[in-house]
Amino acid sequence: MQVKAAVLYEVGKAAPYADSKPLKVEQVELAAPGPGEVLVEVVSAGLCHSDLSVINGSMYPQLPNPMILGHEASGVVREVGSGVTDLKVDDHVVFSFVPMCGHCDNCAVGRPVLCKNGSVANARGTLLSGARRFSTAGGQPISYFTATSAFSQFTVVSQESLVAIDREVPLDKAALLGCALITGVGAVVNTARVAAGESVVIFGLGGVGLSTIMGAKLAGASPIIAVDMLPSKFDLALRLGADHTIDASKNDPVAAIRELTRGGAAYAFDVVGNTNVLAQAFSAIRPGGKAIAVGIPPSDKFVSVHAAAMVLQEKVLQGSFMGSAVPRRDIARLAHLYMTGKLPLEELLSPSITLEEINTGFDRLAQGTAIRQLIRFKE
Ligand SMILES: [Zn+2]
Ligand SMILES: [Zn+2]
C-alpha cells in the first residue's frame, strides 16, 4: 500500500530544520505484514530528543539511510500477519521502542528492554525478523528506527513491538506512555526504586525529565529538586511536584543541591544525556547515593567521575534505559495511573502538529520551546 511518511535521507543537516528540511514528507510503499507482524494505523506520534539525536547525527550515525523515525506512538491494529496470537484487528496499541523477543537470556531474566534480538534489530534498522517493509517510490528499502518507524500514517511492526491498552484510555495521548513516561517514571520506580522521603534531583526538564518528576512525586520523594538552563521550564516543574528549582545557567547546581539536601541527594538523574551533567549528578549525590543516567549521551562520549569517592563513599553510577521497564507490565500501570488522575501527562503536551509540520516541530524541540508535540494523523 501507499502511505504518507516523513523520510530521513541525510543525517547531520544544519538547523533550522524548517529550512534544511532533513525530513521529507512523501508517499512511500509499505508491504503487507509478514509472519508475526502487524499493520498499525498510527493515531499519534511524539517528537522526542532521541529522534532529534538521529537527525543531528549525535546518535546512531551508523544506521543505514533512508530511514523513517518515530518511536513514541499509539495506533490501531488494522491487519495481522500469520502467527500473530496476542493482537487482533481494532486493538488499541502503544509502541515499545525495544522489541521484546521473549526468549533470549535478558528477556528470560525479566529485562526485556535489554533484549538481545531487539538490540540487533534496532542496530540494523530492521524488524525483529530482519525484514524491512517500507521502500521509497523508487524501490529503495527504507530502514526502521527502533523497529517502529511511526512517523508514517501506517507502519508494519513485529507483534513484539506492541503493547495493547484498554480502549478507555485516550489513544492519542497514550503515545506518551511508550517513551517519555515509561522512561521517566521507570527510572524512578524500577531503576532507582526511590523510597518515600528520599531526596531526588532531576537535571533536564524536557518530556522525560518532567516525567521523572512525576515519578518522583508518585514515589513520595522529598525534596524533589529540578535543574535546567531554561527558567521558562520551572513553572511546569513546580506544578508537577518539584519543591525547588535551580537555574544551572546562573548557579553551580552541585553547590546548590548540597545545600538544599544538607550534603547531597540520595538520587540524581541526568535526563539531559550530557556527560558533564552526568558528572555533576555524580558530584551532587551523598555517600551511598545513586547517579542515574537516563538521557542518552552522544555515542562517542565518556564520563569522568571521582573514582575514590565511588569507593570510599559507595557512590553508584547507573544507567537506566527505557526506565528498566517491562513494557507490558509498565504501560498498563502507567495507563491506570493516568486514568485515575495520578499521572497528569496532559501537562507535557505542547500544541499538536501535522506530519507536514514535522521539521518545524523539531526546531521547537531543539530550542526548548516545546515539551511534547504529538503528530496527529487524523483530525
Ligand atoms: Zn523517545
Ligand atoms: Zn529477548
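These numbers were taken from a predicted model, which means no experiment stands behind them.

A. A look at the coordination of the zinc ion (ligand 2). Summarising the metal site, the zinc ion (ligand 2) is bound by the protein donors Cys101 (SG), Cys104 (SG), Cys107 (SG) and Cys115 (SG), whose distances to it range over 2.3 to 2.4 Å. One can describe the site at the zinc ion (ligand 2) as tetrahedral: its four donor atoms subtend angles covering 102 to 118 degrees at the metal. For cysteine 115, a relative accessible area of 0% puts it in the buried group.

B. Representation of the coordination of the zinc ion (ligand 1). Those donors, Cys48 (SG), His71 (NE2) and Cys179 (SG), are the protein atoms that reach the zinc ion (ligand 1), and they lie 2.0 to 2.2 Å from it. Sequence positions of the residues that donate to the zinc ion (ligand 1) give the spacing C-x22-H-x107-C. Within this pair, whereas histidine 71 is found in the loop between strand S4 (67-68) and strand S5 (72-80), its partner cysteine 179 is found in the loop between helix H5 (171-174) and helix H6 (180-192), the two being separated by 108 residues in sequence. Accessibility classification places histidine 71 together with cysteine 179 in one group, the buried group.

C. Inspection of unusual backbone geometry at higher detail. Look at the link from alanine 15 to proline 16: it is a cis peptide, with omega at 0 degrees. Inspection of the secondary structure assignment puts proline 16 in the loop between strand S1 (2-8) and helix H1 (17-20). Along the chain, serine 222 connects to proline 223 via a cis peptide bond; the corresponding omega equals -5 degrees. Along the chain, proline 223 falls in the loop between helix H7 (207-219) and strand S12 (224-228).

D. Spatial organisation of a nonpolar patch on the surface. Taken together, the side chains of Leu114, Ile296 and Phe321 define a hydrophobic patch exposed on the protein surface, amounting to about 230 Å² of accessible area. Of note, leucine 114 is situated in the loop between helix H3 (105-108) and helix H4 (116-124).

E. Expanded view of the domain arrangement of the chain. On domain assignment, one finds that the chain holds domain 1 (2-178 + 349-376) and domain 2 (181-322). Domain 1 and domain 2 are separated by 28 Å when their C-alpha centres are compared. When domain 1 packs against domain 2, close to 1,200 Å² is buried across both sides, 69% of that on carbon and sulfur atoms. Per-residue buried area on domain 1 facing domain 2 is highest for Phe97, Val113 and Ile371; these three make up 35% of the total on that side.

F. Fine view of the layout of surface pockets. Approximately 290 Å³ is the volume attributed to the second largest pocket. Around the second largest pocket, the lining is made up of 17 residues, and of these Arg111, Asn190, Thr191, Ser324 and Ala325 lie nearest the centre. Broken down by class, the residue content of the lining of the second largest pocket amounts to seven nonpolar, seven polar and three charged. Inspection of the lining of the second largest pocket shows a minimum of three residues originating in each of domain 1 (2-178 + 349-376) and domain 2 (181-322).

G. Spotlight on the sheet that holds S12. If you walk across this open sheet you meet the six strands as S13-S12-S11-S14-S15-S16, and the pairing is parallel. Each edge of the sheet is formed by a strand with only one pairing partner; in this case those strands are strand S13 (244-247) and strand S16 (316-319). Mean inter-strand twist for the sheet, computed between neighbouring axes without regard to direction, equals 20 degrees. The sheet contact formed by strand S14 (residues 265-270) and strand S15 (residues 285-293) spans five bridges and is parallel. Bridging from a neighbouring strand, phenylalanine 269 pairs with isoleucine 292 of S15. Of the strands in this sheet, strand S11 (200-203), S12, S13 and S14 are in contact with helix H9 (residues 253-260), which crosses S13 at around 160 degrees. Lying on the sheet, helix H10 (residues 275-284) is in contact with S11, S14, S15 and S16; it crosses S15 at an angle near 155 degrees.

H. Just the packing of H6 against helix H12 (residues 327-339), in detail. At a minimum axis separation of 11 Å, H6 and H12 run at an interaxial angle of 100 degrees. Relative to H12, the element H6 lies roughly perpendicular. Of H12, the residues touching H6 (which contributes Leu181, Ile182, Val185 and Asn190) are Pro327, Arg329, Asp330, Ile331 and Leu334. Of the residues assigned to the contact of H6 with H12, the class counts are six nonpolar, one polar and two charged.

I. Expanded view of the pairing of strand S3 (residues 37-46). Summarising burial for S3: nine of the ten residues are buried, a large majority. Sheet topology places S3 next to S5; eight bridges connect them, and they run antiparallel. Across the sheet, the residue bridging to serine 44 is serine 74, located in S5. As paired elements, S3 and strand S17 (residues 374-376) share three bridges and run antiparallel to each other. Bridging from a neighbouring strand, serine 44 pairs with arginine 376 of S17.

J. Structural context of the nonpolar core. Counting residues in each nonpolar core, the largest one holds 62 residues, and the members touching the most others are Leu181, Val194, Leu210, Ile213 and Phe269. Listed by contribution, the elements that provide at least two residues to this core are H5, H6, S11, H7, S12, helix H8 (234-240), S14 and H12. Ranked by the residues each element gives to this core, the list is headed by H6, at seven residues. Shared between two domains, this core takes at least three residues from each, and those domains are domain 1 (2-178 + 349-376) and domain 2 (181-322). Excluding its chain neighbours within four sequence positions, the residues that come into contact with phenylalanine 269 are Ala187, Val188, Ala192, Val194, Val200, Val201, Ile202, Phe203, Thr212, Ile292 and Val294. In this structure, Ala5, Leu52, Leu69 and Phe95 belong to the second largest nonpolar core, which totals 48 residues.

K. Main features of the pattern of salt bridges. Counted according to the given criterion, the structure contains eleven salt bridges. Across the salt bridge formed by aspartate 330 and arginine 329, the nearest N and O atoms sit 2.6 Å from each other. Beyond isolated ion pairs, a larger network of salt bridges with shared partners links Glu41, Arg78 and Asp90.

What counts as what
Every residue gets a number counted from 1 within its own chain, in the order that chain's sequence is written. Note on labels: chains are lettered from A, ligands numbered from 1, in written order. In keeping with the predicted nature of the model, local features appear solely for residues at pLDDT of at least 70, side-chain atom pairs appear and are counted solely at 80 or more, and the whole-chain, interface and lining totals rest on all residues. To get the side-chain values, take all heavy atoms of the structure and skip hydrogens and water. Only nitrogen, oxygen and sulfur atoms count as donors, using a 2.8 Å cut-off from the metal that widens to 3.2 Å for Na, K and Ca. Water is left out, so coordination shells may look unfilled. Between 85 and 135 degrees for all angles marks four donors as tetrahedral; over 155 degrees for opposite donors together with 65 to 115 for all other angles marks four donors as square planar and six as octahedral; every other arrangement is irregular. Partly exposed residues are those whose accessible area sits between 20% and 50% of the maximum for their type, while under 20% is buried and over 50% is exposed, using a 1.4 Å probe and protein chains only. Runs of E in the DSSP output that reach at least two residues are strands. Runs of H or I that reach at least four are helices, and both are numbered from the N terminus. Only residues whose relative accessible area exceeds 30% and that take part in no salt bridge are eligible for patches, with like-charged residues grouped when within 9 Å of each other and nonpolar side chains (Val, Leu, Ile, Met, Phe, Trp, Tyr) grouped when within 5 Å. Residue burial considers only the protein chains on display, and all accessible areas are found by Shrake-Rupley using a 1.4 Å probe. A pair is scored as a salt bridge if a Lys or Arg side-chain nitrogen falls within 4 Å of a carboxyl oxygen belonging to Asp or Glu. The source of the domain bounds is an automatic or database domain assignment. Put simply, buried area is the surface a 1.4 Å probe can reach on two separate parts but cannot reach once they are joined, added for both. Cavities and pockets were defined on a 1 Å grid built from protein atoms only: a cavity is a group of points that admits a 1.4 Å probe but offers it no way out, a pocket is an open group of points flanked by protein on both sides within 12 Å along at least five of seven lines, and a lining residue is one with an atom within 4 Å of any such point. Grid points are joined across faces, edges and corners, and a volume is the space filled by probe spheres set on the points. Lys, Arg, Asp and Glu make up the charged group, whereas Ala, Val, Leu, Ile, Met, Phe, Trp, Tyr, Cys and Pro make up the nonpolar group; the residues left over, Gly among them, are polar. Only strands joined by at least two bridges in the DSSP assignment are considered to pair. Note on geometry: axes are C-alpha line fits, over the in-contact stretch for helices, and angles between N-to-C directions span 0 to 180 degrees. Contacts are assigned to residue pairs that have any heavy atoms within 4.5 Å of one another. Angular relationships are summarised with four words: roughly parallel below 35 degrees, roughly antiparallel beyond 145, roughly perpendicular across 65 to 115, and oblique for the angles in between. We call a set of buried residues a nonpolar core when its members are Ala, Val, Leu, Ile, Met, Phe, Trp, Tyr or Cys and they connect through side-chain atoms within 4.5 Å of each other.

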